[in-house]
Amino acid sequence: MGYNADNMEKSKEHKFAEVAVNLPLDRVFHYSIPSGLKKDAEIGKRVYVPFRDKQKVGYITGFSDTCDVAKAKPIDSIIDEKPILSSHMLKLTKWISETYLCSWGQAISAAIPGVLKKGKVSVKPRSAKTAKVTLPQATKPLKLTSEQERVMESVLHKIEQEDYKTFVLHGITSSGKTEIYLQAIERVLSKGKTSIVLVPEIALTPQTVERFAGRFGDRVAVLHSGLIGSMRYSEWKRIKDGTARVVVGARSAIFSPVNNLGLIVIDEEHETSYKQDDAPRYHARDVALMRAKLSNCPVILGSATPSLESFYMAKKEHLELVRLTKRIDDRSLPKVKIVDMRMELATRKRIVMFSQVLLDAIERTLREKKQAMIFLNRRGFSTYISCKKCGLVLKCKKCDSVLVYHYKGKSLVCHYCNFRTAPPEICPQCRASYMKYFGVGTEKVESELARFFPGARIARMDTDTTKKRGSHEEILGEFRKHNIDILVGTQMIAKGHDFPRVTLVGVVNADVTLNLPDFRASERTFNLLAQVAGRAGRGEDGGEVIIQTYAPGHYSLLAASKHDYEKFYAEEIKTRKDLFFPPFCHIIKLTVRSRSEQSAVDASQNLRRFLEQKFSAKDKEAVKIVGPAPSPVSKIRGYYRWNVLLKGKNRSIACEAAKKALINYRKPIGVFLAVDVDPISM
Ligand code: ADP
Ligand code: ZN
């Protein structure tokens, strides 16, 4: 019984097929196999099955001679001629279902192209070569520096051995990490094997993607998030049949159906976009490690600012730490100046957006015909509006969040549910006409810069200016051509772009991320600052970074100003240990939500009591129950949200305990429960 993954078994004389479906039901379902379908039924194929009066797509995961219902219904039909899921893929998705507490069917559905989830594919195969990635001239491997050489040796050793190993490649920006990926992949290809490269977001890393395309030509498949369904499917087929041997893509590319995997690379491994935020809530980094173990191949986790989790594991020698400490050509890292905005407030007697230091630096940059990037991780114009008489702050009716004023469209917008409304001229509470606008977003930064520097060509890049397909590339392209002098933006501009003429990076307010109600706030801040700082001085002219803050003594900022990851790590890891947060524990976040506040509160309290009852003494020793407490955003889209956290040193023990208990949990009517293992935010 069960599936025998090493030998993709056919049904032969088995009576029943075990079928997983894309529903949050943690079990497989038994269906009888009509005699006409016996010879085609095979593990890894999709089938149509009757399910609660409907027909659904399911995946055959095994066969059995016994059945757990009195009368099994028969399979309607078999969709695939050949299995779409390899035995590796079945093992991997099974592991995901156990680790992230979702069903096997949900995990499988996350691992295949959308069109395959829906059933029979009738799309005409189309060439996926859109205009997006024009193949540049093939580029030759560079002669490695001695530092690169040393890293390369370790990696190649494992590639040759065909052995699992995870390398944490800690290398400052521009230290030659990408060149290492490229040459390692070259070796993998020469062995007739394949590679997967994950990048945080394709649209934001066009240069990186181009380098892969340039080196490997049409052996590369680039999985854009912008690819429409049929194109994604034809790329998937090109990968499955072995035409494409290097896959570059975002999070879900980790499920690419490559055979004979020889290497996985995760660039910017600390990026939060590797975590999927709805079920299955997997982390592509952890999935990668598991996939590499199944394939006996190495993984490279590259970053200038490794996640605390990865660096901790590397320090403990569970992963292997390799380092690149110098920028190529020994260019020095830019000088970073921290500007204490409290002093600015004291001397100028008012809150200002730009310190004199920053204004002077922008002025100088423009005079010297160089470029500047001005960073603020908050979009919109004003961050809130409020009545000067009664103090009312305008909030979203459906969310526990303040409405942000956007100049474009002249509207108040909720950043959680996208609700829009015209800003009132008189206060809806006291009818006074004293509505005042507070706070600063990127839109306002852009408009203020235009006021200060009327001659400058200024553009903005954030979610609001990049809704159209291809708009990222357009803005970045214009900036590269120096048709833009100052680029204003959110974290979108922090990613790995290489603009040699950028000599100044200004951070308008570093405190935005620092003040987030999240145990990773300091880490996010350090990462972002290190990344934006890395944008300055990539060319001959050196660079300068100016960080404005009201918390100039914070270790995240101090360490970032010295480009000192180890210093930051040393401080942060102490806090994590003291407060028993990751990497010292794994968290399982249980979020209860309901339209009624009382039901949400009651249900979360009951959930805690329920867990206490169900947990054995041993479970209680291994897993700590924390809460309930309201989510940091306590209401979204009309749902009140309360969290119960489980914290345990060992993930599989914690998952096992949670699963065992939750299987018997009955949600009250109108209450929903979301389970998030290793959540990325609270
Ligand atoms: P990172 O990925 O760490 O930011 P890159 O691999 O992009 O670094 O390297 C930074 C720049 O240096 C790139 O323009 C790259 O082509 C160049 N480079 C990398 N390695 C070498 C080398 N061994 N010799 C000469 N140039 C190199
Ligand atoms: Zn809202």
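Turning our eyes to something else, we now look at the sheet that holds strand β24 (residues 586–594). Strand order in the open sheet made by the four strands is β25-β26-β24-β27, with antiparallel pairing throughout. Only two strands of the sheet have a single neighbouring strand rather than two, namely β25 (623–636) and β27 (671–677). Taken over all neighbouring pairs, the strand axes of this sheet differ in orientation by 20° on average, direction set aside. Two elements, β24 and β27, share seven bridges in a ladder whose sense is antiparallel. Bridge pairing links Thr591 to Ala674 in β27. Along the sheet, helix α18 (residues 597–614) makes contact with β24, β25, β26 (639–648) and β27, crossing β26 at roughly 20°.

A few words now on the domain arrangement of the protein. How big an interface is tends to be expressed through the accessible area that disappears when the partners come together. Along its sequence, the protein is carved into domain 1 (16–117), domain 2 (134–329), domain 3 (331–383 + 439–576) and domain 4 (586–677). The centre of domain 2, based on its C-alpha atoms, is set 28 Å off from the matching centre of domain 3. Contact between domain 2 and domain 3 buries roughly 2,700 Å² in total, counting both sides, with carbon and sulfur atoms accounting for 52%. Sorting the residues of domain 2 by area buried against domain 3 places Leu204, Leu308 and Arg327 first, and these three jointly supply 29% of that buried surface. If you look at where domain 2 meets domain 3, you find three salt bridges. Arg520 is the salt-bridge partner of Glu309, the closest N and O atoms lying 2.8 Å from each other. If you look at where domain 2 meets domain 3, you find nine residue pairs in polar contact (both at pLDDT 80 or more). Elements represented by at least two residues in the side of domain 2 that touches domain 3 include exactly α6 (206–216) and α9 (308–315). At five residues, the largest contribution of residues to the side of domain 2 that touches domain 3 is made by α9. For the side of domain 2 that touches domain 3, the class distribution of residues is 12 nonpolar, nine polar and seven charged.

Moving on to the sheet that holds strand β16 (residues 404–406). Two modes of strand pairing occur in sheets, parallel and antiparallel, and in both the strands are linked by backbone hydrogen bonds. Taken together, the three strands give an open sheet; going across it, the order is β16-β17-β18, and neighbouring strands pair in antiparallel fashion. Bordering the open sheet on either side are β16 and β18 (420–421), each of which pairs with just one other strand. Pairing geometry for strand β17 (residues 411–413) and β18, over two bridges, is antiparallel. Within the sheet, the bridge partner assigned to Val413 lies in β18 and is Arg420.

Another point: helix α5 (residues 177–190). Between its first and last C-alpha atoms α5 spans 20 Å; for 14 residues at 1.5 Å apiece the expected length is 20 Å, and the two agree. A positive backbone phi angle near 80° is found at Gly192, which sits one or two residues after α5.

For the rest of this paragraph, the subject is the packing of aromatic side chains. How two aromatic rings sit relative to each other is set out by the distance from centre to centre and by the angle between their planes. In the structure shown here, the tally under the stated rule is 21 aromatic pairs. Arranged with centres 5.6 Å apart and planes meeting at 35°, the rings of Phe381 and Tyr407 form a pair that is tilted. Here Phe381 is found in the loop between β14 (371–375) and β15 (384–387), whereas its partner Tyr407 is found in the loop between β16 and β17, with 26 residues between them in sequence. An angle of 75° between the planes, with centres 4.9 Å apart, marks the rings of Tyr405 and Tyr437 as edge-to-face. Note that Tyr405 is positioned in strand β16 and Tyr437 in strand β19 (residues 435–438), a separation of 32 residues in sequence. Arg593 extends its terminal NZ or CZ atom over the ring of Tyr639, reaching a point 4.8 Å from the ring centre. Directly above the aromatic system of Phe581 lies the positively charged group of Lys647, at a separation of 4.0 Å from the ring centroid.

On to the coordination of the zinc ion (ligand 2), then. Within the protein, the zinc ion (ligand 2) binds to Cys396 (SG), Cys399 (SG), Cys414 (SG) and Cys417 (SG); these donor distances fall in the range 2.3 to 2.4 Å. For the zinc ion (ligand 2), the four donor atoms in the first shell make angles of 105 to 115° at the metal, so the coordination geometry reads as tetrahedral. Its relative accessible area of 5% is what places Cys396 among the buried residues. Take Cys399: its relative accessible area is 3%, and that puts it in the buried class.

A word on the nonpolar core. Counting residues in each nonpolar core, the largest one holds 91 residues, and the members touching the most others are Ile96, Phe255, Ile588, Leu590, Leu611 and Leu646. In contact with Leu611, other than residues within four places in its own chain, are Leu590, Ile625, Val644, Leu646, Ala661 and Leu662. Ranked by size, the runner-up nonpolar core spans 39 residues in total, among them Phe311, Val336, Ala459 and Val532.

Right, let's talk about the site of ligand 1 for a bit. Lining the immediate environment of ligand 1, one finds 15 residues, of which Lys143, Gln148, Ser174, Thr178 and Arg211 sit closest. In this structure, Ser174 approaches ligand 1 through a main-chain N or O atom, which is 2.8 Å from an oxygen atom. A distance of 2.9 Å separates an oxygen atom of ligand 1 from a polar atom in the backbone of Gly176. Protein burial of ligand 1: of its 550 Å² of free accessible surface, 75% is covered by the chains. If one sorts the elements of the shell around ligand 1 by residue count, α5 sits on top with three residues. Looking at the shell around ligand 1, its residues break down into four nonpolar, seven polar and four charged.

Reading the values: rules and limits
- Residues numbered from 1 in each chain as written.
- Chains lettered and ligands numbered in written order.
- Predicted model: local features only at pLDDT ≥ 70, side-chain atom pairs only at ≥ 80, totals over all residues.
- Heavy atoms only, no water.
- Pairing = 2+ DSSP bridges.
- Helix = DSSP H or I, 4+ residues; strand = E, 2+ residues; numbered from the N terminus.
- Axes fitted to C-alpha atoms, helices over the stretch in contact; angles between N-to-C directions.
- Contact = heavy atoms within 4.5 Å.
- Domains from an automatic or database assignment.
- Buried area = accessible area lost by both parts, 1.4 Å probe.
- Salt bridge = Lys/Arg side-chain N within 4 Å of Asp/Glu carboxyl O.
- Polar contact = N/O pair within 3.5 Å; in protein donor to acceptor, adjacent residues only side chain to side chain.
- Nonpolar A, V, L, I, M, F, W, Y, C, P; charged D, E, K, R; others polar.
- Expected span 1.5 Å × (residues − 1).
- Phe/Tyr/Trp six-rings, centres within 6.5 Å; stacked < 30°, edge-to-face > 60°.
- Lys NZ or Arg CZ within 6 Å of the ring centre and 35° of its normal.
- Donors = N, O, S within 2.8 Å, 3.2 Å for Na, K, Ca; no water.
- Tetrahedral: all angles 85-135°; square planar, octahedral: opposite > 155°, others 65-115°.
- Buried < 20%, exposed > 50% of the residue type's maximum accessible area, 1.4 Å probe, protein only.
- Core = buried A, V, L, I, M, F, W, Y, C linked by side-chain atoms within 4.5 Å.
- Near = heavy atom within 4 Å.
- Areas by Shrake-Rupley, 256 points an atom, 1.4 Å probe, with all protein chains shown as cover.

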